[in-house]
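The residues making up each chain are set out below.
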Amino acid sequence: MKAAASNKTLLADAVAELIEALHQKYPGIKTKPTPPIEDEDFTIEVEVPSQLSLEEVESECHKECIRLEDKYDIYILPLVKQKAA
């Protein structure tokens with residue numbers, strides 16, 4: 001039971017760190033959890049406002065997720081999409 005609680009804590013820490021880093025770098029984005037895909041630990045949708053580059057935000061999301069994977073051994077999949085006009 002302790003291992004499961006520890007894993008949930010690590011996941012929560014990793015997700016919180018991801019969201020904080022993305023919002024610091026890209027004000028105006030919206031994030032929300034989505035059902036996990038395949039064997040990922042967590043999947044997050046990132047909605048990018050039209051004034052920001054979708055490609056830049058997506059690249060940064062992947063870099064940040066790789067960093068967190070190395071730090072926490074947690075697999076987060078970002079699903080990045082442009083906000084509808």
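Shown above is the structure to which this text applies.
This is a predicted model, so every value here is computed, not measured.

What counts, and at which threshold
Residues numbered from 1 in each chain as written. Predicted model: local features only at pLDDT ≥ 70, side-chain atom pairs only at ≥ 80, totals over all residues. Heavy atoms only, no water. Helix = DSSP H or I, 4+ residues; strand = E, 2+ residues; numbered from the N terminus. Areas by Shrake-Rupley, 256 points an atom, 1.4 Å probe, with all protein chains shown as cover. Lys, Arg positive; Asp, Glu negative; His and termini not counted. Charge placed at Lys NZ, Arg CZ, Asp CG, Glu CD. Patch = residues over 30% accessible without salt bridge, like charges linked within 9 Å, V, L, I, M, F, W, Y side chains within 5 Å. Salt bridge = Lys/Arg side-chain N within 4 Å of Asp/Glu carboxyl O. Buried < 20%, exposed > 50% of the residue type's maximum accessible area, 1.4 Å probe, protein only.

Enquirer: Where do I start with the overall build of the protein chain in this structure?
Expert: Scanning the protein chain from terminus to terminus reveals two helices and three strands. Scanning the protein chain from its N terminus toward the C terminus, one meets helices and strands in the order α-β-β-α-β. Each principal axis of the C-alpha atoms in the protein chain carries an extent, and together these give about 45 × 20 × 15 Å. When the accessible surface of the protein chain is split by element, carbon and sulfur atoms take 55% of a total near 5500 Å². For the protein chain, the distance from the average position of its 10 positive side-chain charges to the average position of its 17 negative side-chain charges is 7 Å.

Enquirer: Would you take a moment to explain a negative patch on the surface for this structure?
Expert: A cluster of acidic residues, E38, D39, D41 and D73, forms a negative patch on the protein surface. As for its position among the elements, D41 is in the loop between strand 1 (30-34) and strand 2 (42-48). Residue D41 is classed as partly exposed on the basis of its relative accessible area of 34%.

Enquirer: Help me understand the environment of P27, please; the structure alone is not making it clear to me.
Expert: With respect to the helices and strands, P27 occurs in the loop between helix 1 (2-25) and strand 1. For P27, a relative accessible area of 60% gives the class exposed.

Enquirer: Please explain the pattern of salt bridges as it appears in this structure.
Expert: Working definition: two side chains of opposite charge can pair if their charged atoms are close together. Scanning the entire structure with this criterion turns up six salt bridges. We note a salt bridge from R67 to E17, for which the minimum N-O separation is 2.7 Å. Here E17 lies in helix 1 and R67 lies in helix 2 (residues 54-72), a separation of 50 residues in the sequence. With a closest N to O distance of 3.4 Å, E60 and K25 form a salt bridge. Of this pair, E60 sits in helix 2 while K25 sits in helix 1, placing them 35 residues apart in sequence. With a relative accessible area of 17%, E60 lands in the buried category.

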